[in-house]
Amino acid sequence: MLLDLLNKRLKNNVSIIKQITFLDRLSKLISKHYNLRQALEFMEFDPQLKEISRKFSVLLHNGHPIDHCFRLLAFHPLIVAFIKFSKESSHFQEHLSHCTKLMKMRHQIQNKLSKALRYPLVLLLLSMTLFIVMNYYMLPSMIDTFESLGSKHSLIVFDLLRALFNLALLVICLTFIFFFIIVFYLNRSPVEQRVYLIHKIPIYKNFYCLLISMQMAYQIHALLLSGKNIREALMLLKAQHDLPIIQFFANLILADLSKGRTLYQSFKDLPLIQDEFKWLIQRSDEQGTLVNDLQQYSQLLLEVIEEKSKRFIVIIQPVVYVIVGVLVITIYALTLFPIYKLIQHI
């Protein structure tokens, strides 16, 4: 009965924070020369990790591969991919440590972005709601009042302000709708269409290029370090299913290599791959320093992603506040302008 329960995928009840804590604790214990079973047994003393460690131990006892254990426990696909490659490269602790660092960075960026946008978005929503209420209930009665007073000039100015604000409100609403449609389409479209679509979204494309290039550089480095050649490493990337875009790219590269093209020529036309990465492939392949160069490049990209994310968060928050400020000022103007004109007619 317990085995049947474990074989059912958990419905994402392991939070990202708990996943990161589990990885971090496991990495530290293995670095102190605990084997995997000993580390899991030790982690059962932690109330926060007791349940997941016990389930992990049961899955291992029943013969599941370690990456399959992570998958059954509903860990993030990126974690599952790192663990799968760690089996192939025989550098489990190094992969675990790098994966923990990457997941911590992702979580911190998402957390900071969420905190930076939470209050501005709430204010934006409240301001939009207030204006919609004014637009449908208060403003029509004011327009009727102006018409009864015969103030055509005031009515024209008032209608102009109202039209401009309605246009701005429409643009904001369409932007949100477009964003949700893109997210929905990205999650359900085939890999080829997803790559094409991401390539057309400017800001998102820049971050995604960095992330895909970093992941691909690190995974190829780790597999080459274990003694595999570049074709074997790409075959393993093609065989996995947790990182579909990297799987797609590996398939394209292998197809080009089978046609007699060089490694650089196979990378050259790939979208969502940094140009510096392609140049590095050419240089390193010629000089025989591919393994070390890929390792250093992946570490560099990790730092670049972190730095660019911080700058993006610093920029986006004031922009949203400016939009909210314009909305609030416009609401005040639409409220006070009719009152001012009515006073003039008294």
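The model shown is predicted, which means the values in this text are computed figures rather than measured ones.

Time to look at the overall build of the chain. Looking only at helices and strands, the chain has 15 helices and zero strands in total. Here the chain holds 346 residues, and the buried ones make up 43% of them. Relative to all contacts within the chain whose residues are 6 or more apart in sequence, the contacts with residues 24 or more apart total 64%. As displayed, the chain offers around 19400 Å² of accessible surface, 62% of which is attributable to carbon and sulfur atoms.

Evaluated as defined, the whole model comprises nine salt bridges. R71 serves as the salt-bridge partner of D242, at 2.8 Å between the closest nitrogen and oxygen. Taken together, the residues span a long stretch of sequence, with D242 in the loop between α11 (230-239) and α12 (244-258) and R71 in helix α5 (residues 66-72) at a distance of 171 residues. According to the relative accessible area criterion, D242 is buried, its value standing at 14%. Residue R71 is classed as partly exposed on the basis of its relative accessible area of 26%. R283 is the salt-bridge partner of D293, the closest N and O atoms lying 2.6 Å from each other. Of the two residues, D293 sits in helix α15 (residues 290-345) while R283 sits in helix α14 (residues 275-287), which places them 10 residues apart along the sequence. A relative accessible area of 16% places D293 in the buried class. Judged by its relative accessible area of 27%, R283 is partly exposed. Residues participating in the shared-partner salt-bridge network are D24, K28 and K104.

Of all hydrophobic cores here, the largest spans 81 residues; its most connected members are F22, L26, F70 and F249. For this core, the leading source of residues is helix α10 (residues 202-225), giving 12 residues. Residues contacting F249, with those up to four places away along its chain left out, are V195, I212, M216, L270, P271, L272 and I273. Core analysis: the second largest hydrophobic core is formed by 12 residues, M128, M134, I172 and V320 among them.

What follows concerns the packing of aromatic side chains. Working definition: an aromatic ring pair is given by the centre-to-centre distance plus the angle between the planes. Overall, the coordinates contain 14 aromatic pairs when judged by the stated rule. Ring geometry for F70 and F75: centres 4.9 Å apart, planes at 90°, overall edge-to-face. Take F70 and F75: they sit in the same class, and that class is buried. Here a set of aromatic residues connected by ring pairs shows up, and it is made of F22, F56, F70 and F75.

This brings us to the packing of helix α3 (residues 36-43) against helix α4 (residues 50-61). Direction vectors running N to C along α3 and α4 enclose 150°, while the axes themselves pass 8 Å from each other. Looking at the two axes, α3 sits roughly antiparallel to α4. Along this stretch, α3 crosses α4, giving a crossing that reads as left-handed. Between α3 and α4, the residues in contact are L36, R37, L40 and M43 and K50, S53, F56, S57, L60 and H61, respectively. Split into classes, the residues belonging to the contact of α3 with α4 amount to five nonpolar, three polar and two charged.

Inspection of the secondary structure puts R194 in helix α9 (residues 191-199). Despite its burial, R194 remains without a salt bridge, the nearest opposite charge being carried by E192 at 8.3 Å. Those residues in contact with R194 that sit more than four places away from it in its chain are L186, S189, P244 and I245.

Analysis parameters
- Residues numbered from 1 in each chain as written.
- Predicted model: local features only at pLDDT ≥ 70, side-chain atom pairs only at ≥ 80, totals over all residues.
- Heavy atoms only, no water.
- Helix = DSSP H or I, 4+ residues; strand = E, 2+ residues; numbered from the N terminus.
- Buried < 20%, exposed > 50% of the residue type's maximum accessible area, 1.4 Å probe, protein only.
- Contact = heavy atoms within 4.5 Å.
- Areas by Shrake-Rupley, 256 points an atom, 1.4 Å probe, with all protein chains shown as cover.
- Salt bridge = Lys/Arg side-chain N within 4 Å of Asp/Glu carboxyl O.
- Core = buried A, V, L, I, M, F, W, Y, C linked by side-chain atoms within 4.5 Å.
- Phe/Tyr/Trp six-rings, centres within 6.5 Å; stacked < 30°, edge-to-face > 60°.
- Axes fitted to C-alpha atoms, helices over the stretch in contact; angles between N-to-C directions.
- Parallel < 35°, antiparallel > 145°, perpendicular 65-115°, else oblique.
- Left-handed = near helix turned anticlockwise from the far one by under 90°.
- Nonpolar A, V, L, I, M, F, W, Y, C, P; charged D, E, K, R; others polar.
- Lys, Arg positive; Asp, Glu negative; His and termini not counted.

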